[in-house]
Structures are given as structure tokens and as C-alpha cells.
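# Commentary on secondary and tertiary structure
Given next are the chains, with one letter for each unit.
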Amino acid sequence: MATLAQLRKAALSHPETAEQVIDPGVVEFTVHEKRFASMGEDGLVELRLPAPDTDEVLAAHPAAQPLTRDATPVGVRVPIGDINGQQLNHWVRRAWLSQAPKRLAARVAAGDTATPGEVGDLPRAIGGPATRALTGAGITTLAQVAALTDAELLTMHGVGPKAVRILRARLISGGSA
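For the structure given in this document, a descriptive report is provided here. (Residues numbered from 1 in each chain as written. Predicted model: local features only at pLDDT ≥ 70, side-chain atom pairs only at ≥ 80, totals over all residues. Heavy atoms only, no water.)

## Notes on the overall build of the protein
- From N to C terminus, the protein includes eight helices and six strands.
- Expected size for 177 residues packed as a compact globule is a radius of gyration near 16 Å; at 18 Å, the protein falls within 12% of this value.
- With the principal axes as the frame, the protein shows a C-alpha extent of 55 × 30 × 25 Å.
- Of the contacts made within the protein by residues no fewer than 6 positions apart, 47% connect residues no fewer than 24 positions apart.
- Accessible surface for the protein amounts to roughly 9300 Å². Of this, 55% is attributable to carbon and sulfur atoms.
- Positive and negative side-chain charges of the protein, numbering 18 and 18 respectively, have mean locations separated by a distance of 8 Å. (Helix = DSSP H or I, 4+ residues; strand = E, 2+ residues; numbered from the N terminus. Rg over C-alpha atoms; globule rule 2.2 N^0.38 Å. Contact = heavy atoms within 4.5 Å. Areas by Shrake-Rupley, 256 points an atom, 1.4 Å probe, with all protein chains shown as cover. Lys, Arg positive; Asp, Glu negative; His and termini not counted. Charge placed at Lys NZ, Arg CZ, Asp CG, Glu CD.)

Structure follows, in C-alpha cells:
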């Protein structure tokens, strides 16, 4: 069973995402002013998804409803309690990718195939998830990492405390092994 806090974390883990409270109890997440996810007081999560993804959510969740705009399908509405955390992360990512500008979505998608130790001067020791998260956010050098706070790094899905410690240690040692 997912929560608003998990929705917020999943949505804000994607680059250039903004959160906005529309009305009391109604929150939306946008990328370049295009809504990709929202949730109201009714506990329904709205996800803007392409048709194949919409069909998949509707098939997997009996309580899900199609979301339409002028009779055109644009996504789904599903009770937050019907989605587990892993599903939520997956569908929020799909919604974000469908609404993000092509250049930004392509950069994030490229991060999916990033290999530890083969991206800029990022250390191999941070592991695959952190390497993919950083690459997906357009961060490929230790100099770019240095410009971020630990809190900013930790908001990226895949970057945990161990990766942050390794990155900070590498920065302190001047980028050497």
C-alpha cells in the first residue's frame, strides 16, 4: 500500500520535477509545467500515461479508472492504497517519461544503461543504481557532484548513503583512486 509520501518521493526523484499544492489536499507534480502525477483528498492518484501503459494499469488494478480529457484517454486514476511502492515507482517514472521534454527523457533513458566505472570520472564503487541515477540526472563528473548537497544526492532514486560517502571521499582525495 503506497502513500502520498511515497508518491512525493517517487515524483521528485526525477529531474526538473516541481511539486505544487493546487488546493488544500490536492498536490500535483509537473515537469516543465506539464502534469504527470497528482493526488487529491479522495486518495486517487492520477497518472498521465500513454495508451499502452494506461491499458496495463487498468488491467492490473480493477479499481483503476481511465482518465480522459475531452473524451480522449490521457491516463489513469487509481486508489493510492491499491498500488504497492514498487508499482508506484514504475508508473510514476512512466508518467514522467511521457510528459518530459524529449531531450530530458532521452537523457534519463540513457542513464538506464550506464555502467559503473564507465561514466566520466564517477567511481565504479558507487555501484549500478547510483551510476544510473546520476547519469540520468545529467551528472557524469565529480565536479558536478561537488556542486550538490548530500540531501540533493539522496533524493535521487538509487543514490544511497554509501554512494554519497564514496563520492565525498573521492572528492576529498582529489578524485584519485
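## Digging into the sheet that holds strand β6 (residues 72-79)
- One open sheet accounts for six strands, arranged β1-β2-β3-β4-β6-β5; its pairing is antiparallel. Two strands in the sheet have a free side with no partner beyond their single neighbour: β1 (17-23) and β5 (65-69). With strand direction ignored, the average angle separating the axes of adjacent strands in the sheet is 30 degrees.
- Pairing of strand β4 (residues 44-48) with β6 involves five bridges; the strand directions are antiparallel. If you follow R48 over to β6, its bridge partner there is G75.
- Seen against the sheet, helix α1 (residues 4-12) touches β1, β2 (26-31), β3 (34-39) and β4 and runs at an angle of roughly 15 degrees to β2. (Pairing = 2+ DSSP bridges. Axes fitted to C-alpha atoms, helices over the stretch in contact; angles between N-to-C directions.)

## Let's talk about the pairing of β5
- With five bridges joining them, β5 and β6 adopt antiparallel strand pairing. Paired with L67 across the bridge in β6 is G75.
- Where β5 folds back on β6, the antiparallel hairpin that results is connected by two residues, among which D70 adopts a positive phi of roughly 55 degrees.

## Section: the nonpolar core
- If you look at the biggest cluster of nonpolar residues, it comprises 28 residues, and the most contacted ones within it are L7, F36, L47 and V92.
- At the level of secondary structure, the elements contributing two or more residues to this core comprise α1, β2, β3, β4, β6, α3 (85-99) and α4 (102-111).
- Per-element accounting of this core gives the leading share, five residues, to α3.
- Other than its neighbours up to four places away in sequence, L7 contacts F29, A37, S38, M39, V45, I80, L88 and V92.
- Of all hydrophobic cores here, the second largest spans 17 residues; its members include L122, V145, V159 and I166. (Core = buried A, V, L, I, M, F, W, Y, C linked by side-chain atoms within 4.5 Å. Buried < 20%, exposed > 50% of the residue type's maximum accessible area, 1.4 Å probe, protein only.)

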